[in-house]
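# Fold and contact review
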Amino acid sequence: MGWDLFLWILSFFVSLALVASVFYQVICLTDLEADYLNPFETSSRINRLILPEFILQASLCILFLITWHWVFFLVALPVTCYHAMLYKERRHLIDVTEVFRGISFEKKLRFTKLGFYIFLFIMVVFRLTLSAVYSFTEDDDLLHLF
């Protein structure tokens, strides 16, 4: 039971990091659109966060697979596959020279990912709360209802 609680605490912090990363990317794109940042600063700030985001998302998906949490795995799988496709096609980084041309698409993509990560964060917080309550009450049958 302690490992289940540890899993959800780890998932909580990884989900929180993913939400913060994408939120920071949205802020950078908004600042670029408002002309507070230049394209080089924006693309370097966002590109610095892309690979850690992909690695965190993939590790969270693999963690759900290894621990047999199928619903969470299936929820996280499409974004992980999309990240793998972007990385394979070398379209994962923002180009400095093309950033203004695709700023609308990039913002929509980041807002969609932000919504997804917030949804995943809410699901993880719910399971973390359930796991914490049930680990302290020592009633194993109630945990598997959800």
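Residue numbers restart at each chain and count upward from 1, following the sequence in its written direction. The model is predicted, so local features are restricted to residues of pLDDT at least 70 and side-chain atom pairs to those at 80 or more, both for listing and for counting; the totals for chains, interfaces and linings are taken over all residues. Side-chain numbers here rest on the full set of heavy atoms in the structure, without hydrogens or water.

As annotated in an unreviewed UniProt entry, the chain is Protein cornichon homolog 1 from Raphanus sativus. Recorded in UniProt under Subcellular location (unreviewed entry), the annotation for the chain is "Membrane". What UniProt records for the chain under Sequence similarities (unreviewed entry) is the sentence "Belongs to the cornichon family." UniProt positions are given in the numbering used here, feature names are shortened, and annotations may be inferred rather than shown by experiment.

Grouped together as the largest cluster of nonpolar side chains are 21 residues, with contacts concentrated most on Trp-8, Leu-60, Phe-64, Phe-72 and Tyr-117. Helix and strand labels come from DSSP, where a helix needs a run of H or I of at least four residues and a strand needs a run of E of at least two; each type is numbered from the N terminus. Looking at this core, the elements with two or more residues in it are helix 1 (2-33), helix 2 (39-66), helix 3 (70-88) and helix 4 (103-137). Contact criterion: two residues are considered in contact whenever any of their non-hydrogen atoms come within 4.5 Å of each other. Dropping the residues within four chain positions of it, Phe-64 is found in contact with Trp-8, Ser-11, His-69, Phe-72, Phe-73, Leu-120 and Val-124. Throughout, nonpolar core names a set of buried Ala, Val, Leu, Ile, Met, Phe, Trp, Tyr and Cys residues whose side chains join them through atoms within 4.5 Å. Partly exposed describes any residue whose relative accessible area lies between the buried limit of under 20% and the exposed limit of over 50%, with all areas from a 1.4 Å probe on protein chains only and scaled to the type maximum. With 10 residues, the next largest nonpolar core counts Cys-28, Leu-32, Ile-46 and Leu-86 among its residues.

Right, let's talk about helix 2 for a bit. In a regular helix each residue adds 1.5 Å, so 28 residues correspond to 40 Å; helix 2 covers 40 Å between its end C-alpha atoms and thus fits that length. In this analysis the local bend is the angle between axes fitted, respectively, to the seven residues ending at and the seven residues starting at the residue. At Ile-50, helix 2 shows its largest kink, close to 25°, and the proline Pro-52 lies no more than four residues downstream. All of the buried residues along helix 2 are Thr-42, Ser-43, Ile-46, Ile-50, Glu-53, Phe-54, Gln-57, Leu-60, Cys-61 and Phe-64. By the N-cap criterion, in which a side-chain oxygen at the helix start approaches the backbone nitrogen of a residue two or three places on, helix 2 is capped by Asn-38, the distance to Phe-40 being 3.2 Å. Just downstream of helix 2 lies Trp-68, where phi reads positive at about 65°. To estimate how far a helix should reach, multiply one less than its number of residues by 1.5 Å. Any pair of nitrogen or oxygen atoms within 3.5 Å is treated as a polar contact; in protein, a donor-acceptor pairing is required on top of that, and neighbouring residues in sequence qualify only through side-chain atoms on both sides.

Right, let's get into the pattern of salt bridges. By convention in these notes, a salt bridge is any Lys or Arg side-chain nitrogen within 4 Å of a carboxyl oxygen on Asp or Glu. If you walk through the whole model with that rule in mind, you get five salt bridges. The salt bridge partner of Glu-106 is Arg-110, with a shortest N-O separation of 2.4 Å. One end of the pair, Glu-106, and the other, Arg-110, are both in helix 4, four residues apart, so they sit about a helical turn from each other. In this pair, the class of Glu-106 matches that of Arg-110, namely buried.

Let's shift gears to the packing of aromatic side chains. Aromatic ring pairs: the centre-centre distance and the angle between the two ring planes describe each pair. Stacked, edge-to-face and tilted are the three classes for Phe, Tyr and Trp ring pairs, Trp counted by its six-membered ring, which pair at centre distances within 6.5 Å; planes under 30 degrees apart are stacked, over 60 edge-to-face, the rest tilted. For the structure shown, the criterion picks out nine aromatic pairs. Taking the centre distance of 5.2 Å and the plane angle of 75° together, the rings of Phe-12 and Phe-13 count as edge-to-face. A ring pair is formed by Phe-12 and Phe-121, whose centres lie 5.3 Å apart and whose planes are at 35°; its orientation type is tilted. Of this pair, Phe-12 sits in helix 1 while Phe-121 sits in helix 4; the two residues are 109 residues apart in sequence, bridging distant segments of the chain. Connected via pairs of aromatic rings, a cluster forms that spans Trp-8, Phe-64 and Phe-72.

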